[in-house]
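Structural features, examined
What follows is the residue order along each chain.
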Amino acid sequence: MFRYILRRLLQMVLAFFGTTLIVYALTFAGQGDPIQALAGERPVTPAQRAYLTEKYHLDATGVGGFFYRYFDYVKNLLQGNLGESLTGRNIGDILQQAWPVTVRLALIALAVAIIFGVTAGVLAGIRRASIFDNSTLVLTLLVLGIPTIVLAPLAQYLLGVKWQLFPPTAGSDPTFYALLLPGIVLGSLSLATALRLTRASVAENLRADYVRTARSKGLVKRRIVIVHVLRNSLIPVVTFLGVELGNLMSGAIITEGVFNIPGVGFNLFRGIRTEDGPLVVGIVSVLVVVYLVSNLVVDVLYAVLDPRIRYE
Amino acid sequence: MRVRRLAAWTALPLAVTLGLAACGSGGDGGSGGSDSSVVSIQIAEPKHLVPTNTTETSGSQVIAGLFSPLVDYDAQNKPYEVAADSVTSTDNKVWTIKLKDGYTFHNGEKVTAQSYINAWNYGAYGPNGQDTNPFFEKIAGYADLQGKEPKAKEMSGLKKVDDLTFTVTLNEPYIDFKTTLGYNAFFPMPDAAFSAPGVLKDSYEQAPIGQGPFKMKGTWQHDSKIEVERYDAFPGEKPKVKNVEFRIYQQLTAAYADVLADNLDVLPTIPTESLSTAPSDLGDRYKTSPMSSFQFLAFPTFDKDYSNPDVRKAISMAIDRDEITKSVFKGSQTPARSFVSPVLPGYRDDTTGKSGEFNPTEAKKLYQAAGGPSKIVISYNGDGGHKDWVDATVNQLKTNLGVDAVGSAEPKFADLLTKVENKTPVGAFRMGWVMDYPTMEDYLGPLYSTNGSSNYYGYSNPEFDKLVKEGAAAKTQDEAIAKYQQAEDILAKDMPVIPLRFGENVFGHSSKVKNVEMDLFQRVNLVKIEAAS
């Protein structure tokens, strides 16, 4: 196990450099004229052009110039310096502000997915083909079918503006209550998937040999479900939720935008929209690390849950 | 002078930022009473808050509260003195600016002539990379501050006379100089802003110290909010509210939902998506007011397809502006048939005359006689929500001129400009303009003169250039306007661009505030706004 983790960590270093290189190249290669992009529709004066060219090392051109800037960036990155956004803010500070709220939102979304998704999934799995099962099937289909970009404004309008049950937007330092609605919206997609996954897994395990054995040796149904079926059924669900947590941590661009939550996705979106290359690259570099780590944790967790899986 | 990035309402959620807001401040919401209440106003995350580095609407909204301009504009958009006692000149070349006594910065420092000189020199110094740098180019000595290693750190044209008086010498006479002084590039900065002469403190931008009706309460909370409170030692007209919170939003739709729920007080720009429902959603809290934006269609006049003015006139006559403003923009913009904005002194209706009228039969005849191209392309930036009206325009051209016409989207405006500058054939292309100060020259100079900073279409008419120059150098305003109007008449003959639409502020507010007014620069008037009791 230890060797496995070590090997994965070494792979992560490679993956990190590979992805940052690609992201860096894509972000900056696509810009025809980054200085004009920064100025928007305004003309750029020679004075500003000279100033920005020097500031962002744009005087070195071509492939050599690109690697020069990339290595310069990586050097700073390894020293923990994420650089400055085009508006002169420290990207490390931006992330430090953005992350806590994104994490809170992600945890709420995950809790929603677990509490409702897994519970309903187990029930639906036990009572296959019942009314409950069929209605959750339809509901999840619906949720999976409606994109967040529709669901979020709809929930905001109905629950926030029309009936005023929730605040329509969350803001910078939101209360738990203000984050609840966005959390539910964000969690609903994972909820639907978690429900489907749990249901299928429970239904399958209920028909497994070991359940039949347990039943024939006279165990009560409750014990069979809770101790035997549930534990085995949850393996794929936990894997899914683990990966999902990694996803959620990287911020929900749409949900954070609609509910005005200044999290990671929100900043990433702004970076993309205002062509703030350094901001985009900075955030994505950190996200790459988050993904790599969360993937590793899920893989290790898998082995812990299922003794049949061994890593060498 | 610049084509500022046209704000979101033109079409799309361009609002450059993000924010957060509503509930965090929920605690303040309940406190009634006009004195203690907080009025919240939507902005996007400003790019910068240093006066000489602020050119977008959100930043300038905040700055407008923290600073008081030398001059402001009356109902006819003529300048009148605010922080200045007088702005005079005998030859329009050497201007004497006398300041009113009694103005202090929020840290108690007295506002002196030196505060202005320091701030302007900082803004004009090339290596500082300030966004408003070009605004100082008319001042003598500006050129010496440019380049990598400028020759000087201070403009020779700025001279302190005494504590409250200074003179500004321009390179050449400029009648509208007083008008330009209302722009935020010309605000003063206190000594406390500088760590050494000409070096701005990093921390200044996080809590700018001004001499205006409001002072910062705490610092700029990025992506979240900027809070200001009334500055009681302000000698000018006092605001009616004590606290203002500029709340930062990334999406206008989120802010719109907050206004509907009374969670946000003023939304300066109603999002395009909500334009059709806003009048019924908000009732009499849905408002419009004049604004300076001007949308037009430019032609590469160097391209032989479009070099004949008759071709451009024919295209103009084939476009039904009234229909497009009504169906696409739901009346939030008005049809344009002149080359400068209606908010300006000297504006005349319908200067395009016959060429601005919708007349498909004439248009077709003229187009064929002039030998216009068989395919018209209209390029636009795909990120600005321009697709709808471009498609509508293209369809009208197809029907009315009997030619093939298509819209072609470039990802960003910068990409479009790069292509135009490299003379890559892009066909006709959209452009927009928002003024920096209300003079006709702010449109005629940059947009249509041969060396205009935003004349991307290669239009050049020596007679036009001469008239604009003469106007700027005129002795009196009336004389200047007469020259400008003659210049505009030449544009009507040459039709280098086709005027399409003038913009309006389309804004809304909650039921908790009243007297919400917006100026020509898309800023909420912070002095007039009141809490509804």
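Predicted, not measured: the structure shown is a model, and the values here were computed from it.

1. Focus: the sheet that holds strand β4 (residues 84–89) of chain B
Hydrogen bonds between backbone groups are what pair the strands of a sheet, and the pairing can be parallel or antiparallel. All names here are of chain B. Here we have 4 strands laid out as an open sheet, ordered β4-β5-β7-β6, and antiparallel in their pairing. Unpaired on one side and paired on the other, β4 and β6 (158–162) mark the two borders of the sheet. Shown here is a sheet whose adjacent strand axes are inclined to one another by a mean of 20 degrees, direction ignored. Here 5 bridges tie strand β5 (residues 94–99) to strand β7 (residues 165–169), and the two strands are oriented antiparallel to one another. Along β7, the bridge assignment pairs Lys 98 with Thr 165. Helix α3 (residues 113–124) contacts β5, β6 and β7 of the sheet and is inclined by roughly 170 degrees relative to β6.

2. Remarks on the packing of helix α8 (residues 176–206) of chain A against helix α10 (residues 221–249) of chain A
Residues and elements named next belong to chain A. With their axes 8 Å apart at the nearest point, α8 and α10 run at an angle of 160 degrees to one another. Between α8 and α10, the angle is such that the two are roughly antiparallel. Judged by the sense of rotation from one axis to the other, the crossing of α8 with α10 is right-handed. Contacts between α8 and α10 pair Leu 186, Ser 190, Thr 193, Ala 194, Leu 197, Thr 198, Ser 201, Val 202, Asn 205 and Leu 206 from the former with Val 229, Asn 232, Ser 233, Pro 236, Val 237, Phe 240, Leu 241, Glu 244 and Leu 248 from the latter.

3. Re the pairing of β5(B)
All names here are of chain B. By the alternation rule, side chains of β5 split into Trp 95, Ile 97 and Leu 99, which are all buried, and Val 94, Thr 96 and Lys 98, of which none is buried. The sheet contact formed by β4 and β5 spans 5 bridges and is antiparallel. Bridging from a neighbouring strand, Val 87 pairs with Ile 97 of β5. Between β4 and β5, which pair antiparallel in sequence order, lie 4 residues; one of them, Asn 92, sits at a positive phi of approximately 60 degrees.

4. Focus on the environment of Thr193(A)
Residue and element names in this part refer to chain A. Along the polypeptide, Thr 193 turns up in helix α8. Judged by the 20 C-beta atoms lying within 10 Å of it, Thr 193 is buried. Taking the C-alpha atoms as reference, Thr 193 lies 8.7 Å from Phe 240; in sequence the two are 47 residues apart.

5. A closer look at the environment of Glu137(B)
Residue and element names in this part refer to chain B. Among the secondary structure elements, Glu 137 is positioned in the loop between α3 and β6. Accessibility expressed as a C-beta count within 10 Å gives 16 for Glu 137, which makes it partly exposed. Note: C-alpha distance between Glu 137 and Phe 296 (159 residues apart in sequence) is 27 Å.

6. Notes on the domain arrangement of chain A
Residue and element names in this part refer to chain A. If you check the domain split of chain A, you get domain 1 (2–78) and domain 2 (97–305). Measuring from the centre of the C-alpha atoms in domain 1 to the corresponding centre in domain 2 gives 34 Å. In this assembly, 16 residues from domain 1 lie in contact with 11 residues from domain 2. Those elements that provide at least two residues to the side of domain 1 that touches domain 2 are α1 (2–29) and α2 (34–39). Taken together, the residues of the side of domain 1 that touches domain 2 break down into 11 nonpolar, 4 polar and 1 charged.

7. Some remarks on the nonpolar core
Counting 213 residues, the largest nonpolar core has Ala109(A), Ala314(B), Phe429(B) and Leu444(B) as its most contacted members. Not counting residues within four places of it along the chain, the set of residues in contact with Ala109(A) comprises Gly183(A), Leu186(A), Gly187(A), Ser190(A) and Leu248(A).

8. Quick notes on the pairing of strand β17 (residues 404–410) of chain B
Residues and elements named next belong to chain B. Pairing analysis gives 7 bridges linking strand β16 (residues 375–381) to β17, with the strands arranged parallel. Paired with Ile 378 across the bridge in β17 is Gly 407. As a crossover connection, the stretch from β16 through helix α10 (residues 387–401) into β17 is right-handed.

9. What to know about the environment of Tyr457(B)
All names here are of chain B. Turning to its location among the elements, Tyr 457 is positioned in the loop between α12 (441–448) and α13 (462–472). Given 23 C-beta atoms within 10 Å, Tyr 457 falls into the buried group. Distance in space between the C-alpha atoms of Tyr 457 and Thr 301 is 5.8 Å, their sequence separation being 156 residues. Residues contacting Tyr 457, with those up to four places away along its chain left out, are Ala 298, Phe 299, Pro 300, Thr 301, Pro 496 and Val 497.

10. Brief notes about unusual backbone geometry
A negative phi angle characterises most non-glycine residues, just as the trans form characterises most peptide bonds. All names here are of chain B. One non-glycine residue, Asp 350, adopts positive backbone phi at about 55 degrees. Positionally, Asp 350 belongs in the loop between β15 (333–335) and α9 (360–370). Here the phi dihedral of Met 495 falls at roughly 45 degrees; this positive angle occurs in a residue that is not glycine. With respect to the helices and strands, Met 495 occurs in the loop between α14 (477–494) and β19 (497–509).

11. Looking at the UniProt feature "domain: Solute-binding protein family" (unreviewed entry) in chain B
Following the UniProt record, one finds the feature "domain: Solute-binding protein family" (unreviewed entry) at residues 82–454 of chain B. Summarising residues 82–454 of chain B: 24% helix, 21% strand, and an end-to-end C-alpha distance of 31 Å.

12. Structural notes on the UniProt feature "transmembrane region" (unreviewed entry) in chain A
All names here are of chain A. According to UniProt, the positions carrying the feature "transmembrane region" (unreviewed entry) are residues 12–30, 105–124, 136–155, 175–197, 224–243, 249–269 and 281–305. Helix makes up 100% of residues 105–124 and strand 0%, whereas the separation of the span's terminal C-alpha atoms amounts to 27 Å. Taken end to end, residues 175–197 comprises 96% helix and 0% strand; its first and last C-alpha atoms sit 32 Å apart.

Thresholds applied
Residues numbered from 1 in each chain as written. Chains lettered and ligands numbered in written order. Predicted model: local features only at pLDDT ≥ 70, side-chain atom pairs only at ≥ 80, totals over all residues. Pairing = 2+ DSSP bridges. Helix = DSSP H or I, 4+ residues; strand = E, 2+ residues; numbered from the N terminus. Axes fitted to C-alpha atoms, helices over the stretch in contact; angles between N-to-C directions. Contact = placed C-beta atoms within 7 Å. Parallel < 35°, antiparallel > 145°, perpendicular 65-115°, else oblique. Left-handed = near helix turned anticlockwise from the far one by under 90°. Buried ≥ 20, exposed ≤ 12 C-beta atoms within 10 Å, placed from the backbone. Domains from an automatic or database assignment. Nonpolar A, V, L, I, M, F, W, Y, C, P; charged D, E, K, R; others polar. Core = buried A, V, L, I, M, F, W, Y, C linked by C-beta atoms within 7 Å. Right-handed = clockwise from strand over helix to strand, strands pointing away. UniProt positions renumbered as here; feature names shortened; annotations may be inferred.

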